[in-house]
Amino acid sequence: MTTPQHPVVAFTVTIRLHYPNQVGMLGKVTTAIGDAGGDITGVDLVEINRGRITRDVTLNVRDIQHAQEVGKYLRKAIPGVRIGPISDPTFLAHLGGKIEIASRVPVKTRRDLSMVY
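Residues numbered from 1 in each chain as written. Predicted model: local features only at pLDDT ≥ 70, side-chain atom pairs only at ≥ 80, totals over all residues. Heavy atoms only, no water.

Enquirer: I tried to follow the environment of Val57 on my own but got confused; where do I start?
Expert: Here Val57 lies in strand β3 (residues 52–61). With 16 residues separating them along the chain, Val57 and Thr41 place their C-alpha atoms 7.8 Å apart. (Helix = DSSP H or I, 4+ residues; strand = E, 2+ residues; numbered from the N terminus.)

Enquirer: Where do I start with the side chain of Arg55 in this structure?
Expert: On the secondary structure map, Arg55 appears in strand β3. Despite its burial, Arg55 pairs with no opposite charge, the nearest such side chain being Asp44 at 8.3 Å. In this structure the side chain of Arg55 is engaged in a polar contact, spanning 2.6 Å, whose partner is the side chain of Tyr19. (Buried < 20%, exposed > 50% of the residue type's maximum accessible area, 1.4 Å probe, protein only. Lys, Arg positive; Asp, Glu negative; His and termini not counted. Salt bridge = Lys/Arg side-chain N within 4 Å of Asp/Glu carboxyl O. Polar contact = N/O pair within 3.5 Å; in protein donor to acceptor, adjacent residues only side chain to side chain.)

Enquirer: Please clarify how helix α2 (residues 64–77) should be interpreted in this entry.
Expert: For an α-helix, 3.6 residues make a turn, and residues three or four places apart therefore share a direction. Given a rise of 1.5 Å per residue, 14 residues ought to cover 20 Å, and the 20 Å separating the end C-alpha atoms of α2 matches this to within 8%. When α2 is considered as a whole, its buried residues turn out to be His66, Ala67, Val70, Gly71 and Leu74. Relative to the axis of α2, the buried residues are bounded by an arc of 145° and lie together on one face. Exposed and oriented more than 90 degrees from the buried face of α2 are Gln65, Lys72 and Lys76. (Expected span 1.5 Å × (residues − 1). Arc of directions from axis to C-beta.)

Enquirer: Mind showing me how you'd approach the packing of helix α1 (residues 25–35) against α2 here?
Expert: The description of two helices packed together rests on the angle between their axes and the distance between the axes. Viewed as axis vectors pointing N to C, α1 and α2 meet at an angle of 130°, and their least axial separation amounts to 9 Å. With respect to α2, the element α1 is oriented oblique. Crossing hand, α1 versus α2: right-handed. Residues Val29, Ala32, Ile33 and Asp35 of α1 lie in contact with α2, whose contacting residues are Val70, Tyr73, Leu74 and Ala77. When grouped by side-chain class, the residues that make up the contact of α1 with α2 number seven nonpolar, no polar and one charged. (Axes fitted to C-alpha atoms, helices over the stretch in contact; angles between N-to-C directions. Parallel < 35°, antiparallel > 145°, perpendicular 65-115°, else oblique. Left-handed = near helix turned anticlockwise from the far one by under 90°. Contact = heavy atoms within 4.5 Å. Nonpolar A, V, L, I, M, F, W, Y, C, P; charged D, E, K, R; others polar.)

Enquirer: Is there a simple way to think about the confidence of the model for the protein in this case?
Expert: Detail in the predicted coordinates should be disregarded across regions flagged by low pLDDT. Residues of the protein with pLDDT of at least 70 account for 84%, and the chain-wide mean is 84. Confidence, expressed as mean pLDDT per element, reaches its minimum in the protein at helix α3 (residues 89–94) with 60 and its maximum at α1 with 95. (pLDDT = per-residue confidence, 0-100.)

Enquirer: Explanation requested: the nonpolar core in the structure shown.
Expert: Here is a general trend for soluble globular proteins: nonpolar side chains tend to be buried in one another's company. Counting residues in each nonpolar core, the largest one holds 18 residues, and the members touching the most others are Leu17, Leu59 and Leu74. Those elements giving two or more residues to this core turn out to be β1 (8–20), α1, β3 and α2. Apart from the residues lying within four places of it in its own chain, the contact partners of Leu59 are Phe11, Thr12, Val13, Ile15, Ile33, Gly38, Asp39, Ile40, Thr41 and Val70. (Core = buried A, V, L, I, M, F, W, Y, C linked by side-chain atoms within 4.5 Å.)

What follows is the structure, given as structure tokens:
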């Protein structure tokens, strides 16, 4: 299998970024991601205070190695940026399971369970 030339949805990652709370920093971050070949699909604010902003940036990349390269490029290109975890949103959705079975009838006692079972 060959590695795709362009970012693809099959390789979506979320990078947690911490950077100084200064005007224009989000623009610098998004430009650097584009310069590194990442395709941004979402930006979520996690935390903000006077000195620092934390955002989760979701992007399509070519593969996991490319995701790591984007992270390294961000660290090098933007002074003060800190890279947190790089995670796979699909994997995170599977943590703890995806399907739940719930009773339509309240089951509080053993007798209740016997009746609905």
